[in-house]
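# A structural walkthrough
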Amino acid sequence: MMEAVHFGAGNIGRGFIGETLAANGFKINFVDVNETIINALNQRGEYTITLAAPGEKKIHVDNVDGLNNAKDPEAVVKAIAQADLVTTAIGPKILPIIAPLIAQGLQARAAANNHQPLDVIACENMIGGSQSLKKSVYEHLDDAGKTFADTYVGFPNAAVDRIVPQQKHDDPLAVSVEDFKEWVVDESQMKNHDLKLKTVDYVPDLEPYIERKLFSVNTGHATTAYTGKYLGYTTIGEAIKDPKVFNQAKGALAETRSLLLAEFKNFDEKELETYQNRVLQRFQNPYISDDISRVARTPIRKLGYNERFIRPIRELKERGLDYSVLMDTVGMMFHYVEPNDAEAVKLQAMLKDQPLVDVIKEVTGLKDAALIDEVEASVKSKDR
Ligand SMILES: NC(=O)c1ccc[n+]([C@@H]2O[C@H](COP(=O)([O-])OP(=O)(O)OC[C@H]3O[C@@H](n4cnc5c(N)ncnc54)[C@H](O)[C@@H]3O)[C@@H](O)[C@H]2O)c1
Ligand SMILES: O=P(O)(O)OC[C@@H](O)[C@@H](O)[C@H](O)[C@H](O)CO
C-alpha cells in the first residue's frame, strides 16, 4: 500500500486531502501537534466526512494514523524517508516551522538510498506555496542533501478549493465539508510523474488556476467576512444575506475578474462570470455555518503584498483598471476587531502605537506613495 505523510490534520487536511489520498489507495500518516486529534487517529484508524449538501452523504476514510511532530519528530523523519507522497495543509506561516523536519526526512531518504522520486505538495491558500516551502527546506539541507533533492524531490505548486468551516462536533475527527472540491497541481514542477491522483487536475502552468481561485474564492470570501463584521454579523451565511455585503463581494469579484481577463488571455469572460457566481452561491450554502472569525482570520497575512487584496489592487492600478471596491474593503480590514485572533489584536495594537501610514506600509509592503495615500483615506473613511 502506498503511504502519504500529510502535515496538518485540521479542517482541510481531514476534510479534503485525506479524502482524496484515501480514495487513491493511500495509507495516511497525519502529522499534527494537536494531541486530541493525533490520539483519536491512532485509536480509531478511521474517521468520517459528511457532505454539507442534500442527503448529507458520509465518506469513510480508513488506514489513517497520527504522528505528533512536537513529541516524536523521529517518527516523522522515518515516515518521510519511506513515503510515496508528502502533502501539507497547515497554514502559510507554519511552512517554515515544519521545513527543518521535512529536510531531515529528505536527508534520511538520501541516507537510505531511496531513489524513488517524491513530490512535496503544499495545499495552502497562497501563490507559490510548494516553491516557498522548498526554499525553507533547502535552508536546512547540506550540499549533498540539496543535490539529492534537486534530483529526486519535486515541490509542485497547487491550488485547493473546498470550504471546510470550523468544526463543532463531539467527535474530534468528524468533519463536515461542502460538496464542491477542486485540487490542481503544477505538473511541470513534479518529479514523480507516474503518481497522478484520481480527481486531481494536473496542469502545465498553475498561475491562472491559483490566481483565479485566490482572487475569486478567497477575495470574495474575505470581502464578505470583513464587510459582514463591519456591519455587525458573525457568520458568512448571515452576512451574505444582507444586500450591502452581497454587492460588496460581487463588486470585488467584478474587479478581480477584469484583472484575470486582462492577465490570462485564455479565460472566457462568460465562463469566468459563471465560475464567480458559483463562488457567491457557495458562500450561501444553507448546510454550512462558517464563522466570520475563521474566514477573516490572520488579517495581517491577508493584507500582505501578494495576498488577496493588495496584489489585485496593485495589478489593477498598473493596468489602469478600477479597484475601488477592493480598496473600500481594505479600509474595513484595518477596523477588524477579534480578541481571539492574535494577528487582529496585534494589528489594533499597532494602530494604537504607530502612525496609520507606518502601519499601512508595514503590513501591506506597499511602496507606491499614491496607493498608500489611498489606503489611508479608505481606512479613515471607515472611522466611526
Ligand atoms: N478550511 C478551508 O476551507 C481551506 C480550504 C482551502 C485551503 N485551506 C488552507 O489550508 C490550510 C489549513 O487550513 P485549515 O482550515 O485546515 O486550518 P486548521 O486550523 O483547521 O488546520 C491546521 C492544522 O495544522 C496544525 N498545526 C498548526 N501548527 C502546527 C505545527 N507547527 N506542526 C504541526 N501541525 C500544526 C493545527 O493543529 C491544525 O490541526 C491553510 O493554509 C488554509 O488557507 C483551507
Ligand atoms: O484559509 P484562509 O485563512 O487563507 O482563508 C479563509 C477562507 O477564505 C478559506 O479557508 C476558504 O474557505 C477556502 O480557501 C475555500 O477553498
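Residues numbered from 1 in each chain as written. Chains lettered and ligands numbered in written order. Predicted model: local features only at pLDDT ≥ 70, side-chain atom pairs only at ≥ 80, totals over all residues. Heavy atoms only, no water.

With an unreviewed UniProt entry as reference, the protein is termed Mannitol-1-phosphate 5-dehydrogenase, source organism Lacticaseibacillus rhamnosus LRHMDP3. A UniProt comment under Sequence similarities (unreviewed entry) is attached to the protein, and it reads "Belongs to the mannitol dehydrogenase family." You can read under Catalytic activity (unreviewed entry) in the UniProt record for the protein the words "D-mannitol 1-phosphate + NAD(+) = beta-D-fructose 6-phosphate + NADH + H(+)". (UniProt positions renumbered as here; feature names shortened; annotations may be inferred.)

What follows covers the domain arrangement of the protein. Where interface size is given, it is often the accessible area lost as the parts come together that is meant. Annotation of the protein at the domain level lists domain 1 (1-203) and domain 2 (210-379). Using only C-alpha atoms to locate each centre, domain 1 and domain 2 end up separated by 28 Å. In this assembly, 23 residues from domain 1 lie in contact with 27 residues from domain 2. Summed over both sides, the interface of domain 1 with domain 2 buries roughly 2000 Å², with 57% coming from carbon and sulfur. On the domain 1 side of the contact with domain 2, Asn-125, Ile-127 and Ile-163 bury the most area, a combined 30% of that side's loss. Summed over the shared surface of domain 1 and domain 2, the number is 5 salt bridges. (Domains from an automatic or database assignment. Contact = heavy atoms within 4.5 Å. Buried area = accessible area lost by both parts, 1.4 Å probe. Salt bridge = Lys/Arg side-chain N within 4 Å of Asp/Glu carboxyl O.)

Here we come to the pattern of salt bridges. Per the stated rule, a full pass over the model turns up 21 salt bridges. Between Lys-93 and Glu-343 there is a salt bridge, with the nearest N and O atoms lying 2.7 Å from each other. Here the residue Lys-93 occupies a position in the loop between β6 (85-88) and α4 (95-111), and Glu-343 occupies one in helix α15 (residues 342-353), the gap between them amounting to 250 residues. Of the charged contacts, one joins Arg-282 and Glu-178 as a salt bridge, the two residues approaching to 2.5 Å between their closest N and O atoms. With Arg-282 in helix α10 (residues 269-283) and Glu-178 in the loop between β10 (175-177) and β11 (182-186), the pair connects residues that are 104 residues apart, well separated along the chain. Taken together, the shared-partner salt bridges in this structure form one network comprising Glu-19, Arg-162 and Lys-181. (Helix = DSSP H or I, 4+ residues; strand = E, 2+ residues; numbered from the N terminus.)

This next bit is on the packing of helix α14 (residues 324-333) against helix α17 (residues 369-381). Viewed as axis vectors pointing N to C, α14 and α17 meet at an angle of 60°, and their least axial separation amounts to 7 Å. One way to sum up the angle between α14 and α17 is to call them oblique. Note on packing geometry: the crossing formed by α14 with α17 is right-handed. On the side of α14, the interface is formed by Met-327, Asp-328, Val-330 and Gly-331, while α17 contributes Leu-371, Glu-374, Val-375, Ser-378 and Val-379. (Axes fitted to C-alpha atoms, helices over the stretch in contact; angles between N-to-C directions. Parallel < 35°, antiparallel > 145°, perpendicular 65-115°, else oblique. Left-handed = near helix turned anticlockwise from the far one by under 90°.)

To continue, consider helix α16 (residues 356-364). Along α16, the residues that are buried comprise Leu-356, Val-359, Ile-360, Val-363 and Thr-364. Along α16, the residues classed as buried sweep out an arc of 105° about the axis, all on the same side. In this structure, the buried residues of α16 make contact with α12 (299-302), α13 (310-318), α15 and α17. Positive phi shows up at Gly-365, right after α16, with a value of about 70°. (Buried < 20%, exposed > 50% of the residue type's maximum accessible area, 1.4 Å probe, protein only. Arc of directions from axis to C-beta.)

A separate point is the pairing of β6. Covered by surrounding structure in β6 are Leu-85 and Thr-87 together with Val-86 and Thr-88, the residues of both alternating faces. Pairing of strand β1 (residues 2-7) with β6 involves 4 bridges; the strand directions are parallel. Opposite Phe-7, over in β6, you have Thr-88 as the bridge partner. Two elements, β6 and strand β7 (residues 118-122), share 3 bridges in a ladder whose sense is parallel. Bridging across to β7, Thr-87 finds its partner in Ile-121. (Pairing = 2+ DSSP bridges.)

Considered as a void within the structure, the largest pocket measures approximately 1300 Å³ in volume. Around the largest pocket, the lining comprises 48 residues; the ones closest to its centre are Asn-11, Ala-89, Ile-90, Gly-91 and Arg-297. Considering every element that reaches the lining of the largest pocket, the biggest residue donor is helix α7 (residues 207-230), with 5 residues. For the lining of the largest pocket, the class distribution of residues is 19 nonpolar, 15 polar and 14 charged. (1 Å grid on protein atoms, 1.4 Å probe; cavity = no way out; pocket = protein on both sides within 12 Å on 5 of 7 lines; lining within 4 Å. Points joined across faces, edges and corners; volume = space filled by probe spheres on them. Nonpolar A, V, L, I, M, F, W, Y, C, P; charged D, E, K, R; others polar.)

Ordered in space as β5-β2-β1-β6-β7-β8, the 6 strands form an open sheet in which the pairing is parallel. Single-partner strands in this sheet number two, and they are β5 (64-68) and β8 (153-154). On the sheet, helix α1 (residues 11-23) packs against β1, β2 (26-32) and β6 and is oriented at approximately 155° with respect to β2.

For the structure shown, the criterion picks out 2 cavities of 30 Å³ or more. Taken together, Ile-163, His-221, Ile-236, Gly-237, Arg-282, Phe-283, Asn-285, Ile-288 and Asp-290 form the lining of the largest cavity. Every element with two or more residues in the lining of the largest cavity is listed here: α8 (236-241) and α10. The class makeup of the residues in the lining of the largest cavity is 4 nonpolar, 3 polar and 2 charged.

Attention now goes to unusual backbone geometry. The backbone phi angle of Asn-113 is positive, close to 55°, even though this residue is not glycine. Along the chain, the position of Asn-113 falls in the loop between α4 and β7. A residue is classified by how much of its surface remains accessible, and Asn-113, at 56% relative accessible area, is exposed. Phi is positive for Thr-199, close to 70°, though the residue is something other than glycine. Following the sequence through the fold, Thr-199 ends up in the loop between β11 and β12 (201-203).

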